Protein chains: 4
Amino acid sequence: MDYLSQYRKIRGLTLSLCAPLQKEDFVVQPAQNISPPKWHLAHTTWFFETFILKANMPTYQEFNTAYNFLFNSYYESVGDHAQQAGRGHFSRPTVEEIIAYREHVDRFMDLFLAEPIEEDLAETLILGLHHEQQHQELLLTDLKYILGNNPLFPPYFTAGKEPEKHHLPDDKPILMPEGIYEIGHTGEGFCFDNEMKKHKVYLQEYAIDSQLISNRDFLEFIESGGYQEFRFWHSEAWEWLKENKVNSPLYWHKINNEWQEYTLWGLHPLALQQPVCHVSYYEAAAFAAWAGMRLPTEEEWEAAADKFNWGRRWEWTGSAYLPYPGFQKREGATGEYNGKFMINQMVLRGASDATAKGHSRKTYRNFFHPAARWQYSGIRLAQTINL
Amino acid sequence: MDYLSQYRKIRGLTLSLCAPLQKEDFVVQPAQNISPPKWHLAHTTWFFETFILKANMPTYQEFNTAYNFLFNSYYESVGDHAQQAGRGHFSRPTVEEIIAYREHVDRFMDLFLAEPIEEDLAETLILGLHHEQQHQELLLTDLKYILGNNPLFPPYFTAGKEPEKHHLPDDKPILMPEGIYEIGHTGEGFCFDNEMKKHKVYLQEYAIDSQLISNRDFLEFIESGGYQEFRFWHSEAWEWLKENKVNSPLYWHKINNEWQEYTLWGLHPLALQQPVCHVSYYEAAAFAAWAGMRLPTEEEWEAAADKFNWGRRWEWTGSAYLPYPGFQKREGATGEYNGKFMINQMVLRGASDATAKGHSRKTYRNFFHPAARWQYSGIRLAQTINL
Amino acid sequence: MDYLSQYRKIRGLTLSLCAPLQKEDFVVQPAQNISPPKWHLAHTTWFFETFILKANMPTYQEFNTAYNFLFNSYYESVGDHAQQAGRGHFSRPTVEEIIAYREHVDRFMDLFLAEPIEEDLAETLILGLHHEQQHQELLLTDLKYILGNNPLFPPYFTAGKEPEKHHLPDDKPILMPEGIYEIGHTGEGFCFDNEMKKHKVYLQEYAIDSQLISNRDFLEFIESGGYQEFRFWHSEAWEWLKENKVNSPLYWHKINNEWQEYTLWGLHPLALQQPVCHVSYYEAAAFAAWAGMRLPTEEEWEAAADKFNWGRRWEWTGSAYLPYPGFQKREGATGEYNGKFMINQMVLRGASDATAKGHSRKTYRNFFHPAARWQYSGIRLAQTINL
Amino acid sequence: MDYLSQYRKIRGLTLSLCAPLQKEDFVVQPAQNISPPKWHLAHTTWFFETFILKANMPTYQEFNTAYNFLFNSYYESVGDHAQQAGRGHFSRPTVEEIIAYREHVDRFMDLFLAEPIEEDLAETLILGLHHEQQHQELLLTDLKYILGNNPLFPPYFTAGKEPEKHHLPDDKPILMPEGIYEIGHTGEGFCFDNEMKKHKVYLQEYAIDSQLISNRDFLEFIESGGYQEFRFWHSEAWEWLKENKVNSPLYWHKINNEWQEYTLWGLHPLALQQPVCHVSYYEAAAFAAWAGMRLPTEEEWEAAADKFNWGRRWEWTGSAYLPYPGFQKREGATGEYNGKFMINQMVLRGASDATAKGHSRKTYRNFFHPAARWQYSGIRLAQTINL
C-alpha cells in the first residue's frame with residue numbers, strides 16, 4: 001500500500017474508534033496518566049504537522065500557533081508544552097475544532113504525499129503512523145478508564161462481545177533448552193529504535209506456559225489471601241497496595257458478594273475463562289511468587305514466542321526497560337521517542353485486544369511503571385529448570 | 001410573585017447563563033474549588049429533589065438513584081457523596097441527560113407547587129431558590145475560570161461590555177461616629193441563618209471609603225514593589241505568594257510589557273478605572289497595609305452600607321467568619337448550610353457583577369478562604385479615628 | 001527589681017527547666033511545630049544578641065556568625081533563616097556549645113546592663129524577657145511532646161505531682177449583663193502590641209462557667225460517640241479528625257481498655273477530676289456543640305475574668321486572632337512579633353500549668369491554629385442569654 | 001578466626017567508628033533515608049538478639065521488650081515496626097542505654113558462642129556479621145550526611161587525609177571479547193542470596209575503562225552545560241533535577257566562585273584528581289551520554305573486574321536490580337533480606353572508601369534508587385564494540 005493510502009487508512013481508524021463517544025467523553029482526564037480522547041486526536045495530528053509539514057512543506061499554513069503548546073506531549077526539544085496533569089482542564093479547542101484541525105492537516109498531507117518523498121522523511125512518516133497506532137490503543141484504554149470509573153458504568157460497545165480465548169490444542173508448558181538465542185529486530189521493515197540491535201543472549205533452560213493466567217486462576221490467588229500475605233510482594237508493592245487499598249485487578253467489583261467486571265461491553269459477572277487483565281507488575285509478580293514460579297524475562301519470552309499464542313494481553317516480563325547492546329537514539333526530536341524512558345519501568349511483550357491490527361511483532365517492547373494497570377496487561381508464567 | 005412563578009423564573013435563569021457555552025465547557029474542573037457547569041445544573045436540581053420532592057411528595061419518581069451520590073455536594077447527613085476534587089472526572093451523565101433531569105424535577109415541582117404548601121416547607125423551598133441563586137454566581141465565576149485559564153482565552157460574552165463604574169457625586173471617605181450600632185438581620189423576609197440574630201455592637205469612630213480600590217490604585221501597589229516587600233504581608237500570605245508565584249491579581253497578564261486582563265469579554269488591556277477584582281484576602285490586606293489603612297470589619301461595613309454604593313465586588317472585610325450571638329443552625333440536613341464552615345474563612349460583604357439580581361442585601365455574609373481569588377472580590381479601605 | 005536582676009533570674013529559670021533532660025532530648029523535633037530544646041536555648045539568646053547587643057553595644061564580639069542563620073526564628077527583616085521544619089536536622093552546635101553561647105551573651109549583657117539604658121531600649125529588653133518567658137512555656141510543651149511521643153514514655157518529673165484542681169466555693173455559671181465593656185490593655189506596665197488599644201465593646205447578656213471542663217466531662221463526650229457524629233464538628237475539623245484518626249485528646253491512650261494519660265510525671269490512669277488538656281479548637285468547639293453551649297468570645301472571657309479562677313489551661317475562645325481597633329505594629333524587626341500572624345488562628349485566654357510565674361494577665365492574647373493540641377489547652381463554656 | 005573472635009572484632013569496629021561523634025550526632029535524621037547513628041548501633045544488635053538469641057537461647061533475657069518495635073528495620077514477619085521516617089524523632093533510649101543494650105547482647109552472645117553451633121545457625125550468625133558490616137558503611141555515609149549538611153561543616157576526622165587515587169600503570173580501556181561468561185557466586189564462602197546462582201551470560205564485545213571518572217572529568221561536564229541540556233538525561237531525571245535544583249554532585253559547594261567539597265575531613269577545595277563521588281544514577285547516566293559512552297552492565301563489570309582496580313567507589317551499572325536465574329530467597333524472616341527490594345533500583349558494583357575491610361567481592365550486588373547520592377557512588381564508563 002502506498003504511503004498516502006496507509007496514512008488515510010490509519011487516520012480514519014482513529015476517528016472511527018471515537019464513534020461511540022458522547023462529546024463529554026472527549027474532554028475528561030480522571031487520572032494523571034489518562035489523556036482526554038480529544039487530546040489524542042490532536043496530538044497525533046500535531047506529530048504530522050510538526051515533524052512532516054512544518055519541517056518540510058514551505059506552503060503549509062499552520063492551523064493555530066497555540067496548538068504546539070497544547071498538543072506537544074513531552075518533546076522538550078520542540079518547545080514548551082502543557083503539563084500532562086492538566087490536559088483535562090481545557091474545554092477548548094472543542095471536539096469540532098480539533099476535527100477541523102485533523103482535516104486541515106490531512107488536506108495538506110494529501111498534497112504533500114502526492115509527490116514522492118525522501119527516505120529520511122519516509123522514516124519519519126512511518127514513525128508517525130506507528131505513533132498514531134500506539135495512540136489508538138491508548139485511546140481505547142483511556143476511554144475504558146473514563147467510562148469504567150464512572151459510577152454509571154456506561155458501555156462503549158452496545159453490540160458484540162469480548163473475543164473468545166484461543167487455545168493451543170495442547171496447553172502444556174513449553175520447554176526451552178539452555179543455549180544462545182538471538183534477540184531483537186534486524187531493522188528490516190519498521191521497528192522502534194528500542195528493538196535494536198539484534199544480539200545474542202545466553203538463556204538457562206526454562207519452561208514457559210503456553211497459556212495466559214485466567215480470571216479463574218487469579219480469583220484463586222485472591223481467595224487464598226494473596227493480597228494479604230506480605231511474603232509474595234515487593235516491599236514497595238506492599239506500600240502501594242496498602243495506600244491504594246488494592247485487593248483485586250482494576251475494574252473488578254465485588255457487588256452483593258459476586259465478582260463483576262467492567263469491560264467495554266459494560267459491567268457483567270466475571271468471565272472466569274478469560275485471561276486476567278488490568279494487573280500491575282506488582283500483582284503479576286506476587287501472583288507468580290504465590291504460584292511458586294516467576295515471570296519470564298523479555299528474552300525468554302521472545303525466544304519462545306513462536307511456540308505459543310499471544311496477542312490478547314500485554315504480558316508483564318521480569319525485565320526492566322533498558323537499552324539493548326548497541327542501542328542508538330534517532331537523531332533530532334524523534335530521538336526522544338524511547339531512550340529517555342529507560343529507567344524504572346518494566347517491559348511488557350505481546351499485544352492486546354486493544355492493539356491496532358498490524359501493530360504487533362514479537363520483538364516489540366512495550367513498557368510501563370510497575371504500578372500501571374489501565375493497559376490490557378496480563379500474566380504468563382515461567383520457571384528456570386535444572387540450575 | 002407566587003412560589004411557582006419564582007421557581008420557574010430562577011430555574012430558567014440558571015439555564016440561560018449556560019447559553020454561550022460549548023458542550024465541552026460544561027465538563028471540566030481546572031482547579032479543585034471549581035465545579036463543572038453541568039455539576040451546578042444537576043446539584044441545584046438535586047437540592048429540590050432531595051429536600052422537597054423525595055421528602056414530601058409520595059408520588060415523586062426518582063430520576064436516577066445514582067445521582068444522589070454524584071450531586072450531593074457535601075451534606076454528610078444525606079449519605080455518601082463524590083469527592084469535590086473528582087467532579088471533573090465524570091463525563092456522564094451528559095449535559096443532555098442533566099437537562100432531562102432538570103426537566104423531570106421541574107415537572108414534578110410544577111405539580112407540587114400547584115397546591116399550597118406548609119410554612120416549614122416554604123422555608124425550605126425559598127432556601128432552595130436562594131441556593132440556586134448562589135450557584136448562579138458560582139456558575140459564572142467557575143466558567144470564567146474555565147475559559148480564563150485556557151490558553152486560547154475564549155470570551156463568554158461576544159457582545160456588550162463590562163458595567164461602568166458608578167460613582168457617588170462626592171467620593172470622600174465617610175465618617176462614622178463612635179457608638180452602638182445594630183447589626184444583623186431581623187429575620188423578616190428571607191435571610192440565611194448566619195445573618196442572625198440582630199444584635200448590638202459598639203464601634204469606635206472610623207472612616208470608610210466611599211469608593212472601591214481601582215485597577216489604577218492596585219497597579220501603583222504592584223509598581224512600587226508591594227508584592228516584594230514582606231512587611232505588608234501576613235506570614236502565611238508570604239508563603240502562599242512565594243509558592244504560587246503570585247505577583248498580580250488573578251486574570252492579569254503582562255504581555256509584551258503591557259498589562260492585559262481577561263474578563264468575560266475576552267483578553268483586553270487593563271481598564272484602569274474599573275474596581276480591582278479577583279484579589280485574595282492576603283492581597284487585600286497587604287494593599288491596605290501598603291496604603292497605611294486597613295479593611296473595614298463586617299460590622300463597620302454594614303453600619304455604613306447605606307452611605308456608599310456597593311454591588312460590583314464582593315468586598316473583603318477584616319472579620320473572620322464566626323457565628324453571631326444567639327446563632328442557631330436550622331434543624332435537619334439544611335442545618336449544614338452555614339455553621340460548619342465557620343472556621344478559617346474571612347467575611348466578604350456586598351455583592352458583585354456576577355450576583356443574581358435580587359440576591360443581595362446589606363446583612364448578607366459571604367465567606368471564603370483567605371487565598372480564594374476566583375470570585376469577584378475587591379477592596380474598600382477604612383481606618384480607625386481618634387483612638 | 002532592676003533590669004539586670006530580672007534578666008539573670010529569667011535566664012536562669014530557662015536553664016533550670018532543662019535540668020531533668022538527657023543530652024539526646026535537646027536535639028529532636030518529632031513534629032514540625034516542635035522545636036528542639038537546644039534551639040529554644042539558642043534562639044532566646046539570639047534575641048538579646050541581635051536586638052540589644054549587636055544593635056547597641058559597639059564592643060560586643062559576635063559569638064559565631066553562622067548562628068544568626070540557625071537561630072533566627074522567622075524575622076524576615078533580619079536576614080535568611082533556617083526552615084522551621086529542619087531544626088531537628090542539626091546535631092551541631094552541641095548543647096555544650098549553646099550553653100557557652102548563652103554564657104557569652106549573658107556576660108556581655110551583664111556589662112551592658114551595668115549602665116542605665118534608654119527607654120526605647122528598655123522596651124526591647126523587656127520584650128526580650130517576655131519573649132524568653134514565652135519560650136519557657138514552649139520549652140516545656142515541646143519536651144512534653146518529645147517525651148510523650150516516645151514509646152518508652154519517660155517521665156520529666158521524678159518527684160512531686162500534678163497541681164490540684166482549684167475550686168471556687170460555688171461553681172455555678174457567672175451571669176454577665178448586657179452592656180458596654182472595656183477590653184484590652186491600657187499600655188501601662190508591659191503588654192504585647194496585640195493587647196492594645198483599650199476599647200469599648202458591646203456584649204449581649206451571657207453566662208460563663210466558673211469551672212473548666214474536666215477529664216470526666218470530656219470522657220462522657222467520647223463515650224456518647226462525640227467523635228463519630230458529624231453534626232458537632234466543623235467541616236474541616238471532620239477532615240482533620242478522619243485524616244489523623246483522632247478520637248481522644250493528645251496524650252490519652254486506651255491500654256487494656258483503660259484510659260491512661262501521659263503527663264510530665266509519666267503515663268498513669270486518667271485523673272478524672274483534672275481539667276481536660278491538649279484539645280484542639282476543633283475538639284473544644286465540638287464538645288461545646290455537644291453540650292448545647294458554645295465557647296466564650298475573648299471579650300466575654302476578659303470581661304468576666306475577675307469572677308472565676310483561671311491559670312491552669314489556656315482556654316480556647318470562639319474569637320479569631322485579629323487586630324484590635326487602633327492596633328499598631330512596633331517599629332522595626334520586633335514589629336514582626338504579632339501582627340503577621342493575625343490570620344487563620346484562634347485566640348486562647350488565660351495561662352497554664354506551664355506558664356512562667358508572672359507571665360500572665362487577663363488581657364493576654366495567646367493564639368494557635370485550630371488543630372494545635374500540644375499546648376495546655378482546655379475548655380470553658382458559655383452561652384448567650386435572652387437574645 | 002572462630003565465630004566468637006569474628007563477632008567481637010566486627011562488633012568492636014562498629015563502636016570505634018562512633019568515637020569521633022558528639023552525643024548529639026547520634027540522634028538526628030536530616031533526611032528520610034538517613035538513620036541516626038544510635039539507631040544503627042541498636043538495630044544491628046537487635047538482629048543478633050532476634051534471630052540468634054531469642055530464637056535459640058532459652059536462657060536469654062530480653063533487654064527491653066519495646067526495642068523490637070523501635071529497632072526492627074522493616075522485617076514485616078517479625079512484628080510491627082516504627083516508621084523509617086520517624087527514627088530521628090526518638091531521643092530515648094539514650095546513647096548510653098543503647099550501648100548497655102549492645103553490651104547485654106554481646107554478653108549473651110559470648111556465652112552462646114562458647115558452645116559449637118549448628119550449620120543453619122552459623123549461616124544466620126554470619127549473615128548477622130555481614131549485616132553489621134553493611135551497617136558500618138551506612139553508619140559512615142549517614143554521619144557524613146549529618147555533618148555535611150550542617151551549616152557549620154564539622155569534620156569527622158581531625159587527622160589523616162583522603163586515600164590517594166590508585167592507578168594501574170596503564171590506564172587504557174580494557175577490551176573484552178564477545179562470548180560466554182560465568183557470572184554470580186558459587187555459594188562457597190559467604191555471599192548474599194542475590195549473588196546466586198552462578199550462570200552463563202553472553203556478552204557482545206565491549207571496552208571498559210580501567211579508571212574511574214575523576215572530579216576533573218565531571219567538572220568538565222558541568223562547565224560545558226551538562227546539567228542544562230535535556231538530551232543527556234532520562235525524562236524522570238530531568239524532573240528530579242529541576243525539582244531538587246541539582247547542578248553538581250552532593251557535597252559540592254560553589255563558594256566565592258570556587259568549588260569546595262565536603263569530605264569527612266571537612267570543607268576544602270575540590271580535589272580534581274580524586275574519583276567523582278556522590279552522584280546519582282541519573283547523573284552517572286547523563287555523564288556517560290555526554291561522553292558518548294554508557295555505563296557497563298553488571299555482567300560486563302563482573303567479567304572484567306579482575307583487570308582493573310576497584311574499591312574506592314561503588315560504581316553505578318546500567319543494570320536494574322533483578323533476580324538471577326534460579327534465585328531463591330532464604331527461608332524465614334531473613335528471606336526478606338534482598339528479594340523484596342528487586343524493583344525500581346539499579347545495581348552498583350565494587351566497594352568504597354567506606355566499606356568495611358573484608359566486606360567486598362567482585363560478585364557483590366549493591367543497589368539503590370536512581371536518585372540516591374549519599375553513598376560513595378562513582379562512575380566507570382564502557383561501550384559496545386563492533387555491533
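The residue numbers shown here count from 1 along each chain, following its written sequence. Chain labels run from A onward and ligand labels from 1 onward, assigned in the order the entries are written. Under the rules for a predicted model, residues below a pLDDT of 70 receive no local features and side-chain atom pairs below 80 are neither given nor counted, while totals for whole chains, interfaces and linings still include all residues. Processing note: side-chain calculations cover all non-hydrogen atoms of the structure and skip hydrogens and water entirely.

(A) Examining the arrangement of the chains more closely. Working rule for contacts: check all heavy atoms of both residues, and any pair within 4.5 Å makes them a contact. The two units chain A and chain C remain apart, with a minimum C-alpha distance of 13 Å. The two units chain B and chain D remain apart, with a minimum C-alpha distance of 13 Å.

(B) Structural view of the interface of chain D and chain A. Chain D puts 39 residues into the contact, and the matching count from chain A is 38 residues. Summed over both partners, buried area is the accessible surface (1.4 Å probe) that two parts give up on being assembled. Across the chain D to chain A interface the summed buried area is about 2,900 Å²; carbon plus sulfur atoms make up 59%. Criterion for a salt bridge: a side-chain nitrogen of Lys or Arg within 4 Å of a carboxyl oxygen of Asp or Glu. Linking chain D with chain A are 2 salt bridges. The partner of lysine 200 of chain A in a salt bridge is glutamate 178 of chain D, with the nearest N and O atoms 3.7 Å apart. Residues adjacent in sequence count toward polar contacts only when both atoms are side-chain atoms; beyond that, a polar contact is any pair of N or O atoms within 3.5 Å, and within protein one must be able to donate a hydrogen and the other to accept it. Where chain D meets chain A, there are 10 residue pairs in polar contact (both at pLDDT 80 or more). Looking at the side of chain D that touches chain A, the elements that each hand over two or more residues are β3 (199–203), α7 (235–243), α8 (281–290) and β8 (314–320) of chain D. Only DSSP runs of H or I reaching four residues or more are called helices, and only runs of E reaching two or more are called strands; each is numbered from the N terminus. Sorting elements by how many residues they give to the side of chain D that touches chain A places β3 of chain D first, with 4 residues. Residues are grouped as follows: nonpolar covers Ala, Val, Leu, Ile, Met, Phe, Trp, Tyr, Cys and Pro; charged covers Asp, Glu, Lys and Arg; every other residue, Gly included, is treated as polar. A class-by-class count of the residues in the side of chain D that touches chain A yields 17 nonpolar, 12 polar and 10 charged.

(C) Up close: the relation of the copies chain B and chain C. When the copies are superposed, the least-squares fit takes in the C-alpha atoms of residues with a pLDDT of at least 70 in both. Its rotation angle being 180°, the transformation that places chain B on chain C also includes 0.0 Å of axial translation and leaves an RMSD of 0.0 Å. Such values leave the two copies arranged in the relation of a two-fold axis. Interface overlap between copies is the fraction of interface residues in one copy that are interface residues in the other; for chain B against chain C it reaches 97%, indicating a shared surface.

(D) Molecular detail of the side chain of arginine 361 of chain A. Residues and elements named next belong to chain A. Mapped onto the secondary structure, arginine 361 falls in the loop between β9 (346–350) and β10 (366–368). Between buried and exposed lies partly exposed: a residue is buried under 20% and exposed over 50% of the maximum accessible area for its type, with that area taken using a 1.4 Å probe on protein chains only. You can call arginine 361 buried: its relative accessible area is 16%. Looking at arginine 361, its side chain comes within polar contact range of the side chain of glutamate 195, at 2.7 Å. In contact with arginine 361, other than residues within four places in its own chain, are His130, His185, Phe190, Cys191, Phe192, Glu195 and Trp310.

(E) Up close: the sheet that holds strand β7 (residues 266–269) of chain B. Residues and elements named next belong to chain B. Any two strands with at least two DSSP-identified bridges between them are counted as paired. With respect to topology, 3 strands assemble into an open sheet ordered β5-β6-β7, the strand pairing being antiparallel. For this open sheet the edge positions go to β5 (252–255) and β7, each flanked by a neighbour on one side alone. Here the strands of the sheet are splayed against their neighbours by 35° on average, with no regard to which way each runs. As judged from the 4 bridges shared by β5 and strand β6 (residues 258–263), these two strands associate in the antiparallel manner. Within the sheet, the bridge partner assigned to isoleucine 255 lies in β6 and is glutamate 258. Interaxial angle, 0 to 180 degrees, is taken between N-to-C directions of lines fitted to C-alpha atoms, where a helix line uses only the stretch in contact. Along the sheet, helix α6 (residues 215–223) contacts β5 and β6; its crossing angle with β5, the most-contacted strand, is approximately 60°.

(F) Summary view of the environment of tyrosine 156 of chain A. Residue and element names in this part refer to chain A. For tyrosine 156, the location among the structural elements is in the loop between α5 (119–148) and β1 (174–176). Those residues in contact with tyrosine 156 that lie beyond four places of it in its chain are Leu17, Pro20, Leu21, Leu140, Leu143, Leu147, Tyr262 and Leu264. Within the structure, tyrosine 156 has its side chain in polar contact with the backbone oxygen of leucine 17 (distance 2.5 Å).

(G) Geometry of the packing of helix α1 (residues 3–17) of chain D against helix α2 (residues 37–56) of chain D. Residues and elements named next belong to chain D. At a closest axis distance of 10 Å, the pairing of α1 and α2 adopts a crossing angle of 160°. As summarised for this structure, α1 and α2 are arranged roughly antiparallel, according to the angle between their axes. α2 is crossed by α1, and the crossing has left-handed handedness. Counting all contacts with α1, which are made through Tyr7, Arg11, Thr14 and Leu15, the residues of α2 involved are Leu41, Thr44, Thr45 and Phe48. Classifying every residue of the contact of α1 with α2 gives 4 nonpolar, 3 polar and 1 charged. Reported orientations rely on four angle classes, namely roughly parallel under 35 degrees, roughly antiparallel over 145, roughly perpendicular from 65 to 115, and oblique for the rest. We call a crossing left-handed when the near helix sits turned anticlockwise from the far one by less than a right angle, and right-handed when that turn is clockwise.

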